[in-house]
Every structure is written in structure tokens, then in C-alpha cells.
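# Remarks on the overall topology
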Amino acid sequence: MKDKMQHVCRTVGRADVLTIVTDNFYGSYSPNVKTVLDRSIGLSTPLSIWRGKQMHHTLRYGKHRLLRVIVYGDITEQERETFTYMAERNAVNYGYEKSEVIFLKDVDDLGSVL
């Protein structure tokens, strides 16, 4: 697709630390954030490799240090567990060494963690 998203993969692919900020949507990313993540398949190649005892796409831009997800809004304990697991899996898929999830009650608290 020829749109502005084609440049996002290159920028994100070069980031050693990626921070995603989203409101909680039933234990998952907001629809807009999810759309960006779905479109970022260009971070990898069509080829597969054995990584982390599983098959994954070969990384186009190499390994990175940290995937940080900041989630705000009302969130249950089960949704916290789901978000933490999802961030761990996203980190593996996008080539990050580790993930970190920070939960905030309100988006206005964002300044305290950045």
C-alpha cells in the first residue's frame, strides 16, 4: 500500500526502544494502535527462522532492546495479565530482547513515566 505507513516501518525498525501508548480496550490495544501494529508486518521479511524455540519471520532490521507498552484506563487483573503476555509475544515477534508494561489509571499520569 502506498501511504504514510510505508515509512513508519523503517522508523520503527530502527528504534532500539519502542514505546506504545494505548488505552485499554478489553485487555488489548486500542483499534488505532492495533491497526498500526498489524500494518507493521514490514518489520520482518517473508522468510522464516527458528527463534525462541518457535518459527518467526526473519527480522528486517535486526534485534532491539526494549518494547515498552503504557496502558491507561480501567483495567482488571485478568486484562493486566493478558496485556503483559501480549507485550511479551509482540517483543519476540518484533525482535525486542524484553518487554515492559506500565499501567496507568489516567492518560494525564503519562508525564510521570516518560
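Our structure is the block above this text.
Heads up: these notes are all about the structure in this document. Everything numeric here is computed off the predicted structure, so don't read it as measured data.

## Thoughts on empty space enclosed by the protein
Within the structure shown, the criterion is met by 1 cavity of 30 Å³ or more. For the largest cavity, the calculated volume is near 50 Å³. In terms of residue class, the lining of the largest cavity is built from 6 nonpolar, 3 polar and 1 charged.

## Section: the layout of surface pockets
By volume, the largest pocket amounts to about 170 Å³. If you trace the largest pocket, you find it lined by Leu37, Asp38, Ser40, Ile41, Leu43, Ser44, Arg51, His56, His57, Asn90, Asn93 and Tyr94. Considering every element that reaches the lining of the largest pocket, the biggest residue donor is helix H3 (residues 77-94), with 3 residues.

## With respect to the sheet that holds strand E4 (residues 64-72)
Read across the sheet, 3 strands follow the order E1-E4-E5 without closing on themselves; strand pairing throughout is parallel. With partners counted over all chains shown, the strands left at the sheet margins are strand E1 (17-23) and strand E5 (96-104), one partner each. Pairwise comparison of adjacent strand axes, ignoring direction, gives a mean angle of 15° for this sheet.

## Here's the deal with helix H1 (residues 5-13)
Among the residues of H1, Met5, Cys9 and Gly13 are the ones counted as buried. Buried residues along H1 cover an arc of 85° about the axis, so they all sit on one side. Buried residues along H1 sit in contact with helix H2 (31-39) and E4.

## Considering the environment of Asn24
As for its position among the elements, Asn24 is in the loop between E1 and H2. A residue is classified by how much of its surface remains accessible, and Asn24, at 14% relative accessible area, is buried. Taking C-alpha positions, Asn24 is 9.5 Å from Arg80, a pair spaced 56 residues apart along the chain. In contact with Asn24, other than residues within four places in its own chain, are Val71, Tyr72, Asp74, Ile75, Glu79 and Phe83. In terms of polar contacts, Asn24 uses its side chain to reach the backbone amide nitrogen of Gly27, at 2.7 Å.

## Describing the packing of aromatic side chains
Following the criterion strictly, the structure yields 1 aromatic pair and no others. A cation sits over an aromatic face here: Arg80 above Phe103, 4.6 Å from the ring centre.

## Focus: the pattern of salt bridges
Following the criterion strictly, the structure yields 4 salt bridges and no others. Of the charged contacts, one joins Lys34 and Asp38 as a salt bridge, the two residues approaching to 2.6 Å between their closest N and O atoms. In this pair, Lys34 and Asp38 both sit in helix H2, 4 residues apart, roughly one turn of the helix. Judged by its relative accessible area of 48%, Asp38 falls in the partly exposed class. Taking the shortest distance from any N to any O, the salt bridge between Arg68 and Glu100 comes out at 2.7 Å. Residue Arg68 is found in strand E4, and its partner Glu100 is found in strand E5; the two are separated by 32 residues along the sequence. Relative accessible area serves as the criterion here: at 21%, Arg68 is assigned to the partly exposed category.

Calculation notes
Residues numbered from 1 in each chain as written. Predicted model: local features only at pLDDT ≥ 70, side-chain atom pairs only at ≥ 80, totals over all residues. Heavy atoms only, no water. 1 Å grid on protein atoms, 1.4 Å probe; cavity = no way out; pocket = protein on both sides within 12 Å on 5 of 7 lines; lining within 4 Å. Points joined across faces, edges and corners; volume = space filled by probe spheres on them. Nonpolar A, V, L, I, M, F, W, Y, C, P; charged D, E, K, R; others polar. Helix = DSSP H or I, 4+ residues; strand = E, 2+ residues; numbered from the N terminus. Pairing = 2+ DSSP bridges. Axes fitted to C-alpha atoms, helices over the stretch in contact; angles between N-to-C directions. Buried < 20%, exposed > 50% of the residue type's maximum accessible area, 1.4 Å probe, protein only. Arc of directions from axis to C-beta. Contact = heavy atoms within 4.5 Å. Polar contact = N/O pair within 3.5 Å; in protein donor to acceptor, adjacent residues only side chain to side chain. Phe/Tyr/Trp six-rings, centres within 6.5 Å; stacked < 30°, edge-to-face > 60°. Lys NZ or Arg CZ within 6 Å of the ring centre and 35° of its normal. Salt bridge = Lys/Arg side-chain N within 4 Å of Asp/Glu carboxyl O.

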